[in-house]
Amino acid sequence: MNSSRKVLVADLLDGCRRGDPKTQKLLYQVLASKMLGVCARYARNSYEAEEMLQLGFIKVFRKINDFREEGSFEGWIRRVMVNTAIEVYRKEQKSLHLVDLSDVHDAPQQMFGMDGLEVKDLLAMVQELSAGYRLVFNLYAIEGYSHKEIAQRLGITEGASKSQLSRARVVLKEKLARMEGKKYESNVR
């Protein structure tokens with residue numbers, strides 16, 4: 001492969017299916033940082049994210065022949081990473097901290113000035129969520145799964161999924177409010 005031309009992920013599929021180590025390494029190099037970002041949203045810290053990434057790529061290379069070319073190869077790899085994150089979660093957390101829907105109340109909506117808030121700040125806030133809140137928040141808000149799909153994947157009820165999402169949003173709003181408060185206080189001084 002000519003190193004001067006941009007490598008397309010789809011171009012690497014055949015070599016990976018043949019088990020070619022050079023092609024596998026190239027695929028890893030091309031996608032590792034992007035997939036690490038996916039894993040980081042589910043992980044508690046960078047170490048756990050890197051562990052998920054490694055486990056995910058092992059699965060990609062072992063199950064490469066399961067890719068049926070019905071969507072993009074990169075999209076399939078992303079799903080493998082998300083599924084790996086779910087598996088890591090299940091191994092480490094045998095039960096979710098569930099909140100009954102009747103205990104969830106709608107907090108008044110607040111608008112926050114997002115000036116100065118960076119992606120890394122938001123990622124840190126999401127990583128600080130409890131494992132159950134973080135998993136449901138990511139699956140629903142980022143990956144686009146429905147509550148029914150989340151419930152099936154995690155072995156919980158749809159109500160539990162909705163509850164987890166609602167609580168995650170409340171916690172994130174509180175964190176944003178505190179961050180805004182600190183920012184406001186530092187500007188007043």
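Note: the structure precedes this text.
As the structure is a computational prediction, the values presented were derived from the model and not from experiment.

Peer 1: I'd like a description of the overall build of the protein chain, backed by residues and values.
Peer 2: Scanning the protein chain from terminus to terminus reveals eight helices and zero strands. For the protein chain, the α and β elements follow one another from N to C terminus as α-α-α-α-α-α-α-α. Counting over 189 residues, the protein chain shows a buried share of 40%. For the protein chain, the exposed area adds up to about 11700 Å²; of that, 50% sits on carbon and sulfur atoms.

Peer 1: Could you give me a rundown of the packing of helix 3 (residues 46–62) against helix 4 (residues 73–92), with the residues and numbers involved?
Peer 2: Relative orientation of the contacting elements helix 3 and helix 4 amounts to 125°, with a least axis distance of 9 Å. As far as their axial angle goes, helix 4 and helix 3 are oblique. Considering how the two elements wind past one another, helix 3 and helix 4 form a crossing that is right-handed. Where helix 3 abuts helix 4, its residues Glu48, Met52, Leu53, Leu55, Gly56, Phe57, Lys59 and Val60 lie against Trp76, Ile77, Val80, Met81, Thr84, Ala85, Glu87, Val88 and Glu92.

Peer 1: Before we move on, can you summarise the pattern of salt bridges with the specific residues and values?
Peer 2: The full count for this structure, using the stated rule, is eight salt bridges. Between Arg44 and Glu48 there is a salt bridge, with its nearest N and O atoms 2.9 Å apart. By relative accessible area, which is 42% here, Arg44 ends up partly exposed. Residue classification places Glu48 among the buried residues on the basis of a relative accessible area of 6%. Here Lys175 ties to Glu128 by a salt bridge, and the two come within 2.8 Å at their closest N and O atoms. Of this pair, Lys175 sits in helix 8 (residues 158–188) while Glu128 sits in helix 5 (residues 119–128); the two residues are 47 residues apart in sequence, bridging distant segments of the chain. According to the relative accessible area criterion, Lys175 is buried, its value standing at 16%. Through salt bridges with shared partners, one network takes in Arg41, Arg78 and Glu143.

Peer 1: Which residues make up unusual backbone geometry, and what values go with them?
Peer 2: Not every positive phi belongs to a glycine, and Glu69 is a case in point at roughly 60°. Within the element layout of this structure, Glu69 appears in the loop between helix 3 and helix 4. Take Glu69: its relative accessible area is 52%, and that puts it in the exposed class.

Peer 1: Residues and numbers for the side chain of His147, please.
Peer 2: If you trace the backbone, His147 turns up in helix 7 (residues 147–154). Relative accessible area serves as the criterion here: at 12%, His147 is assigned to the buried category. In terms of polar contacts, His147 uses its side chain to reach the side chain of Ser161, at 2.8 Å.

Peer 1: Tell me about helix 4, and please be specific about residues and values.
Peer 2: An ideal rise of 1.5 Å per residue puts 28 Å on 20 residues; helix 4 measures up with 29 Å between its terminal C-alpha atoms. Of all the positions in helix 4, only Phe73, Trp76, Ile77, Val80, Met81, Val82, Thr84, Ala85, Ile86, Val88 and Tyr89 are classed as buried. Contacts made by the buried residues of helix 4 are with helix 1 (13–17), helix 2 (21–42), helix 3, helix 6 (131–142) and helix 7.

Peer 1: Run through the packing of aromatic side chains, naming residues and quoting values.
Peer 2: By the definition in use, this model includes five aromatic pairs. With centroids separated by 4.9 Å and ring planes inclined at 65°, the aromatic side chains of Tyr28 and Phe57 adopt a geometry described as edge-to-face. Linking Tyr28 in helix 2 with Phe57 in helix 3, this pair joins segments that are 29 residues apart in sequence. Judged by centre distance (5.3 Å) and plane angle (45°), the ring pair of Phe67 and Phe73 falls under tilted. Residue Phe73 is classed as buried on the basis of its relative accessible area, which comes to 5%.

Peer 1: Now, about the environment of Met125: what can you tell me, with residues and values included?
Peer 2: Within the secondary structure layout, Met125 lies in helix 5. Expressed as a C-alpha distance, the spacing of Met125 and Val171, which sit 46 residues apart in the sequence, is 9.0 Å.

Peer 1: Outline the side chain of Glu143, supporting the account with residue identities and numerical values.
Peer 2: By the secondary structure assignment, Glu143 is in the loop between helix 6 and helix 7. For Glu143, the side chain forms a polar contact with the side chain of Tyr42, separated by 3.3 Å. Aside from chain neighbours lying at most four places away, what touches Glu143 is Val38, Arg41, Tyr42, Arg78, Val82 and Asn138.

What counts and how
- Residues numbered from 1 in each chain as written.
- Predicted model: local features only at pLDDT ≥ 70, side-chain atom pairs only at ≥ 80, totals over all residues.
- Heavy atoms only, no water.
- Helix = DSSP H or I, 4+ residues; strand = E, 2+ residues; numbered from the N terminus.
- Buried < 20%, exposed > 50% of the residue type's maximum accessible area, 1.4 Å probe, protein only.
- Areas by Shrake-Rupley, 256 points an atom, 1.4 Å probe, with all protein chains shown as cover.
- Axes fitted to C-alpha atoms, helices over the stretch in contact; angles between N-to-C directions.
- Parallel < 35°, antiparallel > 145°, perpendicular 65-115°, else oblique.
- Left-handed = near helix turned anticlockwise from the far one by under 90°.
- Contact = heavy atoms within 4.5 Å.
- Salt bridge = Lys/Arg side-chain N within 4 Å of Asp/Glu carboxyl O.
- Polar contact = N/O pair within 3.5 Å; in protein donor to acceptor, adjacent residues only side chain to side chain.
- Expected span 1.5 Å × (residues − 1).
- Phe/Tyr/Trp six-rings, centres within 6.5 Å; stacked < 30°, edge-to-face > 60°.

Note that all results are geometric; they support no functional claim without further evidence.
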